[in-house]
Amino acid sequence: MQVLVPGVQPCAASGAHSSSGAAPVQVKAQLDRSLPRVHGDPAQVEQVLLNLCLNASQAMAGGGTLTVRSFAEEQRVTVEVQDTGPGIPDDVRPHIFKP
């Protein structure tokens, strides 16, 4: 199945607000609308984007900016999700993919 990547509706639909009803999170979409379709499961792509957007929003307790970019690079389509939160503490990073 093919997926049209530029749609970032999951991030906008997430409400993009920080946890505990704190300051709002601004969502910025910097999307290349000329990207080709890519192969993948649309529901899974949407779920991944939604999870990234929700996690980023929750990490910005004082509000901030969530930026979603899409672009083509070396015959590859890339989607980046970036936030202005504090980041993952150095001591936690080695463990983030452990169950």
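What comes next is a walk through the structure. (Residues numbered from 1 in each chain as written. Predicted model: local features only at pLDDT ≥ 70, side-chain atom pairs only at ≥ 80, totals over all residues. Heavy atoms only, no water.)

### What to know about the nonpolar core
One recurring pattern in soluble globular proteins: nonpolar side chains tend to sit buried together.
Consideration 1: Residues Val25, Leu31, Cys53, Ala56, Met60, Leu66 and Val68 constitute the largest nonpolar core, which totals 7 residues.
Consideration 2: Going through the elements one at a time, β2 (25-31), α2 (42-59) and β4 (64-73) are the ones with two or more residues in this core.
Consideration 3: Leu66 has contacts with Val25, Gln26, Val27, Lys28, Cys53, Ala56, Ser57, Met60, Val81, Gln82 and Asp83, leaving out every residue within four places of it along the chain. (Core = buried A, V, L, I, M, F, W, Y, C linked by side-chain atoms within 4.5 Å. Buried < 20%, exposed > 50% of the residue type's maximum accessible area, 1.4 Å probe, protein only. Helix = DSSP H or I, 4+ residues; strand = E, 2+ residues; numbered from the N terminus. Contact = heavy atoms within 4.5 Å.)

### A word on unusual backbone geometry
Consideration 1: One non-glycine residue, Glu74, adopts positive backbone phi at about 50°.
Consideration 2: Its location among the elements puts Glu74 in the loop between β4 and β5 (76-83).
Consideration 3: Classification of Glu74 as exposed rests on a relative accessible area of 75%.

### Topic: a nonpolar patch on the surface
Consideration 1: Residues Ile88, Val92, Ile96 and Phe97 make up a contiguous nonpolar surface patch of roughly 400 Å² in combined accessible area.
Consideration 2: Its location among the elements puts Val92 in the segment after β5.
Consideration 3: Val92 gets classed as partly exposed once you look at its relative accessible area, which sits at 36%. (Patch = residues over 30% accessible without salt bridge, like charges linked within 9 Å, V, L, I, M, F, W, Y side chains within 5 Å. Areas by Shrake-Rupley, 256 points an atom, 1.4 Å probe, with all protein chains shown as cover. Salt bridge = Lys/Arg side-chain N within 4 Å of Asp/Glu carboxyl O.)

### Concerning the environment of Pro24
Consideration 1: Structurally, Pro24 can be placed in the loop between α1 (9-13) and β2.
Consideration 2: Each C-alpha atom, one on Pro24 and one on Gly63, is 5.0 Å from the other, the two residues being 39 residues apart in sequence.
Consideration 3: When neighbours within four sequence positions are excluded, Pro24 is seen to be in contact with Gly63 and Gly64.

### Regarding the pattern of salt bridges
Consideration 1: If you walk through the whole model with that rule in mind, you get 2 salt bridges.
Consideration 2: Between Glu80 and Arg69 there is a salt bridge; the shortest N-O distance is 3.4 Å. A residue pair is termed long-range when its members are at least 10 positions apart, and Glu80 in strand β5 and Arg69 in strand β4 qualify at 11 residues.
Consideration 3: Judged by its relative accessible area of 32%, Glu80 falls in the partly exposed class.
Consideration 4: Between Asp90 and Arg93 there is a salt bridge whose closest N-O contact spans 3.8 Å.

### Some points on the sheet that holds β5
Consideration 1: Pairing is mixed across the open sheet formed by 3 strands, whose spatial order is β2-β4-β5. Edge positions in the sheet fall to β2 and β5, since each of these pairs with one other strand and no more. Each adjacent strand pair in this sheet contributes to an overall mean axis angle of 10°, direction not counted.
Consideration 2: In this structure, β4 lies alongside β5, joined through 8 bridges in antiparallel fashion. Its bridge partner being in β5, Ser70 is matched across the sheet by Val79. (Pairing = 2+ DSSP bridges. Axes fitted to C-alpha atoms, helices over the stretch in contact; angles between N-to-C directions.)

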